[in-house]
Every structure is written in C-alpha cells, then in structure tokens.
Amino acid sequence: MSIKRQMQRQQKDKKLVAETNEKAMIGGILEGSPEGIGVVIIRLECGCRKMAAVDEKGDPASKVIIYRDSALNICDKCKKDNGAFVRVTEQFIHWDKEPDNATKKMIIDKVIGTAPVH
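Residues numbered from 1 in each chain as written. Predicted model: local features only at pLDDT ≥ 70, side-chain atom pairs only at ≥ 80, totals over all residues. Heavy atoms only, no water.

Participant: Tell me about the overall build of the protein, residues and numbers included.
Facilitator: What the protein contains, in helices and strands, is four helices and four strands. From first element to last, N terminus to C terminus, the protein shows the α and β order α-α-β-β-β-α-β-α. Residue burial in the protein is summarised as follows: out of 118 residues, 37% are buried. Sequence separation of 24 or more characterises 55% of the internal contacts of the protein that already satisfy a separation of 6 or more. A total accessible area of about 7,400 Å² is found for the protein, and carbon and sulfur atoms account for 53% of it. (Helix = DSSP H or I, 4+ residues; strand = E, 2+ residues; numbered from the N terminus. Buried < 20%, exposed > 50% of the residue type's maximum accessible area, 1.4 Å probe, protein only. Contact = heavy atoms within 4.5 Å. Areas by Shrake-Rupley, 256 points an atom, 1.4 Å probe, with all protein chains shown as cover.)

In structure tokens, the structure reads:
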C-alpha cells in the first residue's frame, strides 16, 4: 500500500489532533502570525515535524518551521532533504479560528491537497 493511501486511511479512521508537545510550537507560531487562523502540522517518519501558519485564504502566514522534540537539531535525513513528502506519516491543520466548512475544505485542499479515496 502506498504511503499516500496509508495516510488517507489513517486520517479517515481517526481525527488527528495536536499533541501536547506540539501545542507550545503552535502557540508561538500563531503569536508571530496574527493573520494565521490555523497551523499545518506535518509529522515525518523520523519524528521531526514541519509546521507553518495559514491565513483565511489558505496562503502561508508564517515561515515553515522544522523541529524535533527533545532534540537540539533535526535529524540528518531532514537536514539532507528538508523533510521530503515521501516520509510524511500524518498531516492536518490545527485550527485556532475554525472557518466555515466550505472555507475549511478549500484551505485543506489548497494546503494539504486532494487525492481520490478508494
């Protein structure tokens, strides 16, 4: 089964939410991005995470931050490939100011993308 299909199944089976250790980063990102209404969280197989704020149009509202919990640096793989998409295990948006369903869908489609579900 492809990684993309595994991610779709995971996201369909459970609602992804920010972990406690991610919430401090989310707060900091949103504090520095007043136009941000949510933070995209991308979890990688290596344990590193990529995050960035998005605005109400689905455009970036901050720079992308990549970090690893309880570590001084990100892993060597991420240093080399900047957290390549093929290593993504989960991705979702943590909403600070959740928009209406149509806007939410537009932002998710624009930021995370769409794929057929089989």
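Participant: Please set out the layout of surface pockets residue by residue, giving values where relevant.
Facilitator: It is the rolling of a water-molecule-sized probe over the atoms that shows where space remains empty. Size it by volume and the second largest pocket reaches roughly 210 Å³. Around the second largest pocket sit Val40, Ile42, Lys50, Met51, Ala52, Val64, Gly83, Phe85, Val88, Gln91, Val111 and Ile112, which together line it. Elements with a minimum of two residues in the lining of the second largest pocket: strand E1 (38–44), strand E2 (48–54) and strand E4 (88–95). Residue contributions to the lining of the second largest pocket peak at three residues, all from E2. Split by residue class, the lining of the second largest pocket holds nine nonpolar, two polar and one charged. (1 Å grid on protein atoms, 1.4 Å probe; cavity = no way out; pocket = protein on both sides within 12 Å on 5 of 7 lines; lining within 4 Å. Points joined across faces, edges and corners; volume = space filled by probe spheres on them. Nonpolar A, V, L, I, M, F, W, Y, C, P; charged D, E, K, R; others polar.)

Participant: Tell me what's going on with the nonpolar core, and back it up with residues and numbers.
Facilitator: In terms of nonpolar packing, the biggest core is built from 15 residues, with Leu44, Cys46, Cys48, Cys78, Ile93 and Ile107 touching the most fellow members. For this core, the secondary structure elements donating two or more residues are E1, E2 and E4. Core analysis: the next-biggest nonpolar cluster, separate from the first, contains twelve residues, Leu16, Met51, Ala53 and Ala61 among them. (Core = buried A, V, L, I, M, F, W, Y, C linked by side-chain atoms within 4.5 Å.)

Participant: Before we move on, could you go through the environment of Lys63 and cite the residues and values that matter?
Facilitator: Looking at where Lys63 falls in the secondary structure, it is placed in the loop between E2 and strand E3 (65–68). Of the residues examined, Lys63 reaches a relative accessible area of 71% and is grouped as exposed. The spacing of Lys63 and Ile29 is 34 residues in sequence and 8.9 Å in space, taken between C-alpha atoms. Those residues in contact with Lys63 that sit more than four places away from it in its chain are Met51 and Ala52.

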